[in-house]
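Coordinates in review
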Amino acid sequence: AEVFFRKVKFWKGGDAPPVFNVDNTHFLYVKKNGLYFVVTTKFNVSPAMTLELIERLTKVFKDYCGVLTEESMKKNFTLI
């Protein structure tokens, strides 16, 4: 988690791309309402499929929680 946060926060040239590689670990993420939904893998996966999966999961979380915030995620943690 620390490697991801450091890379995203201090990315050279602005915002980090949604898919990047650090030491043979692939990071794929979507940022929604200030929350990072991250998938990490050491395998070669389809970025489009993985990002679509994250998008669909965020929609499901929003449907369950009503609103997608850190507080609502904490309150509904057992449901998610």
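See the structure printed just above.
Below, the structure is looked at part by part. (Residues numbered from 1 in each chain as written. Predicted model: local features only at pLDDT ≥ 70, side-chain atom pairs only at ≥ 80, totals over all residues. Heavy atoms only, no water.)

**Here's the deal with the side chain of Ser72**
For Ser72, the position within the fold is in helix H3 (residues 70–75). In this structure the side chain of Ser72 is engaged in a polar contact, spanning 3.0 Å, whose partner is the backbone oxygen of Thr69. Excluding residues that lie within four positions of it along the chain, Ser72 makes contacts with Cys65 and Val67. (Helix = DSSP H or I, 4+ residues; strand = E, 2+ residues; numbered from the N terminus. Polar contact = N/O pair within 3.5 Å; in protein donor to acceptor, adjacent residues only side chain to side chain. Contact = heavy atoms within 4.5 Å.)

**Points about the packing of aromatic side chains**
How two aromatic rings sit relative to each other is given by the distance of their centres and the angle of their planes. The tally for this structure, following the rule as stated, stands at nine aromatic pairs. Arranged with centres 5.7 Å apart and planes meeting at 80 degrees, the rings of Phe4 and Tyr36 form a pair that is edge-to-face. With Phe4 in helix H1 (residues 2–9) and Tyr36 in strand S3 (residues 35–41), the pair connects residues that are 32 residues apart, well separated along the chain. For Phe4, a relative accessible area of 8% gives the class buried. Its relative accessible area of 35% is what places Tyr36 among the partly exposed residues. Three or more aromatic residues joined by ring pairs make a cluster, and in this case those are Phe4, Trp11, Phe20, Phe27, Tyr29 and Tyr36. (Phe/Tyr/Trp six-rings, centres within 6.5 Å; stacked < 30°, edge-to-face > 60°. Buried < 20%, exposed > 50% of the residue type's maximum accessible area, 1.4 Å probe, protein only.)

**Observations concerning unusual backbone geometry**
For Asp23, which is not a glycine, the phi torsion comes out positive at approximately 50 degrees. If you trace the backbone, Asp23 turns up in the loop between strand S1 (19–22) and strand S2 (25–32). Look at Asp23 and you get exposed, because its relative accessible area is 69%. Although it is not a glycine, Asn33 sits at a positive phi angle of roughly 55 degrees. Secondary-structure assignment places Asn33 in the loop between S2 and S3.

**Points about the sheet that holds S1**
Taken in spatial order, the three strands of this open sheet run S1-S2-S3, and their pairing is antiparallel. A single partner strand is all that each edge strand has here, and the edge strands are S1 and S3. Mean inter-strand twist for the sheet, computed between neighbouring axes without regard to direction, equals 30 degrees. Together, S1, S2 and S3 form the strand contacts of H1, whose direction differs from that of S1 by roughly 120 degrees. (Pairing = 2+ DSSP bridges. Axes fitted to C-alpha atoms, helices over the stretch in contact; angles between N-to-C directions.)

The analysis is restricted to geometry; functional conclusions fall outside its scope.
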